[in-house]
Amino acid sequence: FFFFYSSFSSRRTIMLSSISRLACSKSVPKARSFGTTVAPSNGIGFDLSDDQKGFQELARNFARNQVIPAAPEWDKTGEYPKALLQEAHKLGLMNTHVPKEYGGLELGILDNIIIVEEMAYACSGFSTAMGGNDLGQMPVILAGNDEQKKKYLGRCIDEPLHVSYCVTEPSCGSDVAAIKTSAVKKGDKWILNGQKMWITNGGHANWYFVLARTNPTAKAGSAMTGFIVEREWPGVVVGRKEWNMGQRASDTRGITFEDVEVPDANRLGPEGFGFKLAMGAFDRTRPPVAAGAVGLAQRAHDEALKYAMTRKTMGTEIINHQMVGAMLADMAIGIEASRMLTYRSGYEMDVGRKNTIYASMAKAMAADVANKAASDAVQIFGGNGFNSEYPVEKLMRDAKIFQIYEGTAQIQRMIIARELAGIAKERL
Amino acid sequence: MKAFVGCKRVIDYAVKPRINPEKTGVVTQNVKMSINPFDEIAVEEALKLKEKGIVKEIVAVMVGPSAGSLQLTNGPLAMGADRGILVEIPEEDANPLLVAKVFQKLIAKENPELVLLGKQAIDNDANQTGQILAGLMQWPQGTCASKVEMAEKQVTVTREIDSGLRTVTMDLPAIVTCDLRLNTPRFATLQNIMKARKKTIEKTTPKDLGVDFAPKLKVLQLDEPSVRKAGIKVATVEDLVGHLKKTGTI
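Note that the structure is a prediction, hence the values are computed from the model and not measured.

Looking now at the overall build of chain B. When helices and strands are counted, chain B shows seven helices and 11 strands. Overall, chain B is about 70 × 45 × 40 Å in size when its C-alpha atoms are taken along their principal axes. Counting all 250 residues of chain B, 46% fall into the buried class. The long-range share in chain B, meaning contacts at least 24 apart out of those at least 6 apart in sequence, stands at 73%. Of the accessible surface of chain B, which amounts to about 13600 Å², a share of 53% is contributed by carbon and sulfur atoms.

Here you go:
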């Protein structure tokens, strides 16, 4: 039983899909410095590199000093945190995946994970607004040609612009194969029609990655194509800002495309490549989303712990009541484990291996941990926890979406089971 | 003009220090260390002067353990200082007189015209190094600066003192120690944190500089402040006055 689970990473030689082959060949394994001055004798290191310590410190200072004080107001009004997003952009905290040749820092997934956790600790709505950029840019990074990358990635580095990833529709989220948005070729243009829903940054994006059906009869894997669509083109109709349970600082909207003319130069990769492209981006964007859930869980834990150290009932601080202690202990166990799994999922991609199963495991676990941690944090605060003057009820409302977006909790488990079946075929 | 900025590695301001079991010092193992916040303000002031074209080169100087190169790199160098000097000593809390003597030797080597320091370190709250250094160098000093203005070969410092603000104008070279309201230190950007790793930190020791760093003071005992005793509640003003008279307060 042990050797079956010993290493999922040898799956890569057989399960490499065309998209990850494309991605791996394009990206030189990023040999980030994972260790510090301590040279581990047994191969694994858990220390951040000096650079990563610097990133973490910067992100943490910015998040805790600037974002935390502003977050409650964004939650009440739903206002888009433009000023602080611009500040984050100036500090280099955004768009970290953009390759160096287009002006970006080309940091690894693990580097990004460290930053995202710190931002989500302060406000996961804010970190989602930042992360929406990464998701929208990823298909361009993976499959864009040089002109597309220069034009659309370059401008994101030059200015604090926003980007959205438009795949979900009102009638299909998990069932991407059934999307209805269509693009019909007309000369050297594509005519785009359809409706997308729950698009993060939708109201503020400068451009969108849009997945559309270009072949009405083919199977899902070859029926769709990805496009870069600019917000200001005629026919792009941006819906109203949706009022959600949580992460209210993040802007989610419906976007309608009415006969939008998309030049063929904005097609990403060959016709029919879109589905694989859209899915391939997830291997790189799921780990940071998991990191967001870890950050939220950590915040829930820290707030509950602080409270438990000072609140007294029945003659003592409530941390000394075993059931309160047990809740905090379970929170800490979940946070540490989901953080390690998240780091692993980023690390696997950074060293050039297929990380799909780890990315799904990390996202599945971190989202569940975050929801339980936030709910338990409210419980530890008791009546105060239910009240909006205390910080934990926002965490509980913010946490729920982690089990839904970027692949639902159920979809993650389906992906993991499929990967396991593949491993079983290879080894058992 | 070349400027020195003194950067001390201290226990992070957010950490609650604990006294070690031997009662001779504070626990620093596995404790988060940072650049002294007043020193960050000094770095920021130097950067502002560089942006104005007045200062050409900023040298961040640390007297501390070799692990301090991490704080130097991710802090002052990432913020924009040009290079660093790390004078390695075994312990964090070095005596201000000895630190000033080290600075004196470095100044003789490098000839900066302006030396910026934080007004005090948040671990020992000594508020001495800048003043002692000015005495050793026989240079003018403007301490507790809340405003610094440079003119041709002169610096005008607005000092925060107990009775208000005092302005002093000094000929260069001079020592300035920086207070809280002087500026708000910038965040180092991610790009600059990565670039900082390429900047040089020259490492040396007090011995190499000809300074005897053997401590002249010995800490006999360190205790936490005694726990505040509970007060008592009294029913009337007369009782209150009676108690105050009994304790000799009035």
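In this section: the packing of aromatic side chains. Residue and element names in this part refer to chain A. A full pass over the atoms with the stated rule returns 12 aromatic pairs over all chains. Here the aromatic rings of Tyr-165 and Phe-282 are separated by 5.8 Å at their centres, their planes lie at 55°, and the arrangement is tilted. Separated by 117 residues along the polypeptide, Tyr-165 in strand E1 (residues 162-166) and Phe-282 in helix H9 (residues 274-310) bring together distant segments of the chain. The exposure class assigned to Tyr-165 is buried, which follows from its relative accessible area of 11%. On the accessibility criterion, Phe-282 (11% relative accessible area) is buried.

This part is about the side chain of Ser-146 of chain B. Here Ser-146 of chain B lies in strand E7 (residues 141-151). Using a relative accessible area of 15% as the deciding quantity, one classes Ser-146 of chain B as buried.

Let us look at a nonpolar patch on the surface. On the surface, Ile-232, Val-234, Val-237, Leu-240, Val-241, Leu-244 and Ile-250 of chain B cluster together to form a nonpolar patch covering roughly 600 Å² of accessible area. Inspection of the secondary structure puts Val-241 of chain B in helix H7 (residues 237-246).

With that settled, the discussion passes to the nonpolar core. Ranked by internal contacts, the top residues of the largest apolar core, which has 64 residues, are Phe-62, Val-67, Leu-93, Met-119 and Phe-126 of chain A. Contact partners of Leu-93 of chain A, with chain neighbours within four places excluded, come to Leu-58, Ala-59, Phe-62, Ala-88, Ile-115, Met-119 and Met-130 of chain A together with Leu-190 of chain B. In terms of nonpolar packing, the next biggest core, distinct from the first, is built from 46 residues, Cys-166, Cys-172, Ala-212 and Val-260 of chain A among them.

Looking now at the environment of Thr-310 of chain A. You can see Thr-310 of chain A is positioned in helix H9. Of note is the side chain of Thr-310 of chain A, whose polar atom sits 3.4 Å from the backbone oxygen of Lys-306 of chain A.

Before going further, it helps to spend a moment on the pattern of salt bridges. Going through the model one piece at a time under the given rule, you end up with 40 salt bridges over all chains. Between Glu-419 of chain A and Lys-354 of chain A there is a salt bridge, and its shortest N-O distance comes to 3.4 Å. Of this pair, Glu-419 of chain A sits in helix H13 (residues 409-427) while Lys-354 of chain A is found in the loop between helix H10 (322-350) and helix H11 (356-381), placing the two residues 65 residues apart along the sequence. Across the salt bridge formed by Asp-376 of chain A and Lys-372 of chain A, the nearest N and O atoms sit 2.9 Å from each other. You can see Asp-376 of chain A and its partner Lys-372 of chain A sitting in helix H11, four residues apart, about one turn around the helix. For Lys-372 of chain A, a relative accessible area of 48% gives the class partly exposed. If you follow the salt bridges from partner to partner, you end up with Lys-2, Glu-57, Arg-83 and Glu-110 of chain B in one network.

The next point concerns the interface of chain B and chain A. With 12 residues of chain B at the contact, the number on the chain A side is 18 residues. Buried surface at the junction of chain B and chain A, both sides included, amounts to about 1300 Å², of which 69% is carbon and sulfur. On the chain B side of the interface with chain A, the three residues burying the most area are Phe-187, Leu-190 and Met-194 of chain B, jointly 50% of the side's total. Where chain B packs against chain A, one counts two salt bridges.

Summed over all chains, the structure comprises three cavities of 30 Å³ or more. Here the largest cavity defines a volume of roughly 320 Å³. Around the largest cavity, the lining is made up of 25 residues, and of these Lys-8, Asp-39, Val-99, Ala-121 and Thr-129 of chain B lie nearest the centre. Counting only elements with at least two residues in the lining of the largest cavity, the list comes to strand E4 (57-64), helix H3 (96-110), strand E6 (114-118) and helix H4 (129-137) of chain B. Looking at side-chain class alone, the lining of the largest cavity contains 11 nonpolar, 10 polar and four charged residues. Reported here for the second largest cavity is a volume of approximately 80 Å³. Considering the residues around the second largest cavity, the lining is formed by Leu-93, Met-94, Asn-95, Asn-112, Ile-115, Val-116, Met-119, Ser-127, Met-130, Gly-131 and Asp-134 of chain A. Only helix H5 (109-122) and helix H6 (124-143) of chain A provide two or more residues apiece to the lining of the second largest cavity. Looking at side-chain class alone, the lining of the second largest cavity contains six nonpolar, four polar and one charged residues.

On to the environment of Asn-133 of chain A. Residue and element names in this part refer to chain A. With respect to the helices and strands, the residue Asn-133 is situated in helix H6. Along the sequence, Asn-133 and Ile-401 sit 268 residues apart, while their C-alpha atoms lie 18 Å from each other. If we skip the residues at most four places from it in the chain, Asn-133 touches Met-94, Asn-95, Leu-161, His-162, Val-163 and Asn-201. Polar contacts involving the side chain of Asn-133 include one to the side chain of Asn-201, which spans 3.5 Å.

Thresholds, definitions, all that
Residues numbered from 1 in each chain as written. Chains lettered and ligands numbered in written order. Predicted model: local features only at pLDDT ≥ 70, side-chain atom pairs only at ≥ 80, totals over all residues. Heavy atoms only, no water. Helix = DSSP H or I, 4+ residues; strand = E, 2+ residues; numbered from the N terminus. Buried < 20%, exposed > 50% of the residue type's maximum accessible area, 1.4 Å probe, protein only. Contact = heavy atoms within 4.5 Å. Areas by Shrake-Rupley, 256 points an atom, 1.4 Å probe, with all protein chains shown as cover. Phe/Tyr/Trp six-rings, centres within 6.5 Å; stacked < 30°, edge-to-face > 60°. Patch = residues over 30% accessible without salt bridge, like charges linked within 9 Å, V, L, I, M, F, W, Y side chains within 5 Å. Salt bridge = Lys/Arg side-chain N within 4 Å of Asp/Glu carboxyl O. Core = buried A, V, L, I, M, F, W, Y, C linked by side-chain atoms within 4.5 Å. Polar contact = N/O pair within 3.5 Å; in protein donor to acceptor, adjacent residues only side chain to side chain. Buried area = accessible area lost by both parts, 1.4 Å probe. 1 Å grid on protein atoms, 1.4 Å probe; cavity = no way out; pocket = protein on both sides within 12 Å on 5 of 7 lines; lining within 4 Å. Points joined across faces, edges and corners; volume = space filled by probe spheres on them. Nonpolar A, V, L, I, M, F, W, Y, C, P; charged D, E, K, R; others polar.

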